[in-house]
Amino acid sequence: MKPQYTIGELLTFIEENYSNPKALVSYEHESWHAYSTEQMLEEIKYIALGLKSLGIEKGTFVGLIAPSSARWTMIDLAIMSIGAVSVGLFLNVSEENFRYEVELAEIKTIFVEGSDAWLRHDHCKDHFNLTIALDDEPQGEKTITYQALLARGRELYDVEPDLFKSLLQSHTPDTVAAVIFTSGSTGTPKGAVHTHQSLISLFYNDSLQWDSKNDIYLSILPLAHILARSVSFIMVMWGISIYYYNDLKNLGVACREVHPTVMVVVPRLLEKVYSKMVANVEAAGYLKRTIGEWAFDLANQETETTWKHLFHGLADKLVYSHLREALGGKLRLVISGGAALDPHLNHFLGDIGIAINEGWGLTEACPVCVNPIGKTKLGSIGTLVEGMEIMISPIGEILIRGPLVMKEYLKNPEATAQAIDAEGWLHTGDKGTIDEEGYAFIIGRLKELIKTSNGEMIAPVPIEHALTKAPFIETAIIIAERRKFVSALLVPNFEYLHGLKNNKNMSNLSDEDFLNSSYIKSEMEQLLNKMNQTLNHWEQIHAYRFIMHPLSIENGELTPSMKIIRETIEKNYKSLIDSIYQEEKK
């Protein structure tokens, strides 16, 4: 495939090469609605010309806050196709951050859909000159419907039929295409300014063996996230059907309807999938539960023994095949990114026939690395994508350089200078290594390393992953900064917990009482004893507390991309944390 360097070249390539009756498919009103390639391109054209008729010019910032859908992708491409700048906004970002992003990008025109999006919009409505309602129901003054926008586009096309084609050809690879905001895990979000080239220039590469005829991509991550956005562009470029689905609680239902071959996930979602599998086994009758536990124990064995080899086929027939069918039965590629994936979970899923290809990128450049098909190294983020360069700095930081790196941070020259040095290297903030075969490994964030009061440095993520191997623990947060020993805050997997209470004939207990029961205390003691044997003495966990509510984006404890925000969690649970260390003094 010839490299494409602008959105105009991309759309022209699609028009010349594909005719897919299900190019983009959205789940709306409890059914699937498909756009063919021809319908997709036509709607993009009318959106673009409609915006042009409203005075949107090259360089104008246009906002988009809505659930992921076929329309989201078409609007995104339409904005960029006329040289305007697309600004995707997270639905669940805080009101404060939403206002900051809108003001920083000086967004005067915005697309809006859904009650959550309208709530955010209304808090800043005085800032907008025009709102385009994707719900097709005007919500107030200075608002037009999406259908009205398309009608304006058709009218302009009738008058100037060659205008859209000339607009597609009017920008260069260096033309600014989008601003993508960082998730704010380390403070105020920053707007990564991307050009046409930095968004799409490497997506002709076929390292993951794309199959235009047979691949089906189930899109489940917010398109405001660069990983989801980048992969959607890849699928569009390769003519692969994209199915958009936003109800993650019913992901299994969507998988069984769509039968995807490709998915992109964040580790937290894989952890939930695994927990659901374990919970289903625990809730089964005696015979099914016994067989399931045996098969799970077999898959969890990381040493390839003769015993495991002999019985793997039987376990696959009795258990693993059904687990794969629950996810549609045709997955050939699951890309995990956005955060570190527990290598043990990666191994388990691979052993039951769900191959996970871990990759890595960041808002400032994505993708950067991915594990090649059939050559995955557990614990690695993979090898470098074509055209990019990578090096490890003297302090162990991963530096990258190449066409996928952003142009700058929006209106923040100081942050830009700190991020991109004079030689063009982007300082990622991730600490890592590269082995002799070119596979990269991330040790942790430079700013995320924790220093105890004794001056010892601790990388919390691997320890947190080890804790979540216990099926009744959904999330773990290591506490040690300026403390004399390590402790942990633990968020229970409540769904698994309820099944476990029933199995232990303790359903009469509240969740809190059950977590304080001798049974859970014994399980935790065994877990910590086993873990602490593998840790340096300054890393060993001496105490823990359970948090009785899931972490949330709304409380500022998670970023929109589901990364934990340590500073907020420690602030929100300060008294609980203090109680750990106060008790130790007694």
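Keep in mind it's a predicted model, so treat the numbers as computed, not measured.

Asker: I keep staring at the overall build of the chain and nothing clicks. Help me out?
Answerer: Looking only at helices and strands, one finds 21 helices and 26 strands in the chain. Computed over its C-alpha atoms, the radius of gyration of the chain comes to 25 Å, within 12% of the 25 Å expected for a compact globule of 586 residues. C-alpha extents for the chain along the principal axes are approximately 75 × 50 × 50 Å. Here the chain, with 586 residues, has 55% of them falling under the buried criterion. In the chain, 64% of the contacts between residues at least 6 apart in sequence involve partners at least 24 apart. As displayed, the chain has an accessible area near 26000 Å², and 50% of this comes from carbon and sulfur atoms.

Asker: In this structure, what is going on with the pattern of salt bridges? I would like to understand it.
Answerer: Oppositely charged side chains may form a pair once their charged atoms are brought near each other. This model, assessed by the stated rule, comprises 19 salt bridges. We note a salt bridge from Asp 351 to Lys 308, for which the minimum N-O separation is 3.3 Å. Taken together, the residues span a long stretch of sequence, with Asp 351 in helix α14 (residues 343-351) and Lys 308 in helix α13 (residues 306-325) at a distance of 43 residues. The exposure class of Asp 351 is buried, given its relative accessible area of 13%. In this structure Lys 308 comes out as buried when scored by relative accessible area, which is 1%. The salt bridge partner of Lys 377 is Glu 437, with a shortest N-O separation of 2.5 Å. Taken as a pair, Lys 377 in the loop between β15 (365-370) and β16 (383-384) and Glu 437 in the loop between β20 (426-434) and β21 (440-445) lie far apart in primary sequence, 60 residues in all. Given the relative accessible area of 23%, Lys 377 is considered partly exposed.

Asker: Is there a simple way to think about the packing of helix α16 (residues 460-467) against helix α19 (residues 518-532) in this case?
Answerer: Packed helix pairs are characterised by how far apart their axes lie and by the angle those axes make with each other. It is at 10 Å that the axes of α16 and α19 come closest, and there the two elements cross at 140°. Here α19 runs oblique to α16, going by the angle between their axes. Relative to α19, the crossing made by α16 is right-handed. In this structure, α16 uses Ile 463, Ala 466 and Leu 467 to contact α19, whose residues at the interface are Leu 527, Leu 528 and Met 531.

Asker: Mind showing me how you'd approach the environment of Leu 51 here?
Answerer: Relative to the elements of secondary structure, Leu 51 occurs in helix α2 (residues 37-53). The exposure class of Leu 51 is buried, given its relative accessible area of 0%. Sequence separation of Leu 51 and Val 62 is eleven residues, and the distance between their C-alpha atoms is 9.5 Å. The contacts of Leu 51, once residues within four sequence positions are left out, are Ile 56, Ile 79, Ile 82, Phe 111, Ile 132 and Leu 149.

Asker: Sorry if this is basic, but what is going on with the sheet that holds β20 here?
Answerer: Backbone hydrogen bonds are what pair the strands of a sheet, in a parallel or an antiparallel way. Strand order across the open sheet formed by four strands is β17-β18-β20-β21, with antiparallel pairing between neighbours. At either end of the open sheet lies a strand with only one pairing partner, and these are β17 (389-392) and β21. Shown here is a sheet whose adjacent strand axes are inclined to one another by a mean of 50°, direction ignored.

Asker: Help me out: how do you make sense of helix α9 (residues 226-237) in this one?
Answerer: Two residues of an α-helix separated by three or four positions point the same way, owing to the 3.6 residues in each turn. Between its first and last C-alpha, α9 extends 16 Å over twelve residues, near the 16 Å set by a 1.5 Å rise per residue. Burial analysis of α9 places twelve of its twelve residues in the buried class, which makes it a mostly covered element. Burial in α9 covers these residues: Ile 226, Leu 227, Ala 228, Arg 229, Ser 230, Val 231, Ser 232, Phe 233, Ile 234, Met 235, Val 236 and Met 237. Gly 239 sits one or two residues past α9 and shows a positive phi near 70°.

Asker: Teacher, can you tell me more about the packing of aromatic side chains here?
Answerer: Working definition: an aromatic ring pair is given by the centre-to-centre distance plus the angle between the planes. As enumerated under the stated definition, the model contains 14 aromatic pairs in all. For the ring pair Tyr 46 and Tyr 157, a centre distance of 6.0 Å and an interplane angle of 70° mean the geometry is edge-to-face. One end of the pair, Tyr 46, is in helix α2; the other, Tyr 157, is in helix α6 (residues 146-159), with 111 residues separating them in the sequence. Owing to a relative accessible area of 27%, Tyr 157 belongs among the partly exposed residues under this scheme. Ring geometry for Tyr 544 against Phe 546: centres 5.7 Å apart, planes inclined by 80°, an arrangement best described as edge-to-face. Looking at Phe 546, the relative accessible area reads 13%, which means it is buried. Through a chain of ring-to-ring contacts, the aromatic side chains of Tyr 27, Trp 32, Tyr 243 and Tyr 245 assemble into a single cluster.

Asker: Sorry, what's going on with the nonpolar core here?
Answerer: Proteins that are soluble and globular tend to have nonpolar side chains buried together. In terms of nonpolar packing, the biggest core is built from 164 residues, with Ile 47, Phe 111, Trp 210, Leu 218 and Leu 467 touching the most fellow members. For this core, the leading source of residues is α9, giving nine residues. The residues touching Trp 210, leaving out its near neighbours within four places in the chain, are Asn 205, Asp 215, Ile 234, Met 235, Trp 238, Ile 240, Val 262, Arg 332, Leu 333 and Ile 335. If you look at the next biggest cluster of nonpolar residues, it comprises 22 residues, including Trp 360, Ala 365, Cys 369 and Ile 420.

Asker: Would you explain helix α5 (residues 115-123) in this entry?
Answerer: All of the buried residues in α5 are Ala 117, Trp 118, Arg 120 and His 121. All buried residues of α5 fall inside an arc of 160° around its axis, so they share one side. Across from the buried face of α5, at angles greater than 90 degrees, the exposed residues are Ser 115 and Asp 116. Close packing links the buried residues of α5 with β3 (61-65), α4 (95-104), β5 (109-112), β6 (130-133) and β7 (143-145).

Asker: In this structure, what is going on with the sheet that holds strand β2 (residues 31-35)? I would like to understand it.
Answerer: Taken together, nine strands build an open sheet; the order of strands is β2-β1-β11-β10-β12-β13-β14-β15-β16 and the sheet is mixed. Looking at the sheet topology across the chains shown, the edges are occupied by β2 and β16. Here four bridges tie strand β12 (residues 262-265) to strand β13 (residues 333-336), and the two strands are oriented parallel to one another. Note that in β13 the partner of Val 264 across the bridge is Ile 335.

Asker: Mind showing me how you'd approach the pairing of strand β10 (residues 216-219) here?
Answerer: Taken together, the four bridges between β10 and strand β11 (residues 241-244) define a ladder with parallel strand orientation. Bridge pairing links Ile 216 to Ser 241 in β11. Regarding the hand of the β-α-β motif, the stretch spanning β10, α9 and β11 is right-handed. Where β10 and β12 come together, two bridges link them in parallel fashion. Across the sheet, residue Tyr 217 finds its bridge partner in β12, namely Val 262.

The rules we used
- Residues numbered from 1 in each chain as written.
- Predicted model: local features only at pLDDT ≥ 70, side-chain atom pairs only at ≥ 80, totals over all residues.
- Heavy atoms only, no water.
- Helix = DSSP H or I, 4+ residues; strand = E, 2+ residues; numbered from the N terminus.
- Rg over C-alpha atoms; globule rule 2.2 N^0.38 Å.
- Buried < 20%, exposed > 50% of the residue type's maximum accessible area, 1.4 Å probe, protein only.
- Contact = heavy atoms within 4.5 Å.
- Areas by Shrake-Rupley, 256 points an atom, 1.4 Å probe, with all protein chains shown as cover.
- Salt bridge = Lys/Arg side-chain N within 4 Å of Asp/Glu carboxyl O.
- Axes fitted to C-alpha atoms, helices over the stretch in contact; angles between N-to-C directions.
- Parallel < 35°, antiparallel > 145°, perpendicular 65-115°, else oblique.
- Left-handed = near helix turned anticlockwise from the far one by under 90°.
- Pairing = 2+ DSSP bridges.
- Expected span 1.5 Å × (residues − 1).
- Phe/Tyr/Trp six-rings, centres within 6.5 Å; stacked < 30°, edge-to-face > 60°.
- Core = buried A, V, L, I, M, F, W, Y, C linked by side-chain atoms within 4.5 Å.
- Arc of directions from axis to C-beta.
- Right-handed = clockwise from strand over helix to strand, strands pointing away.

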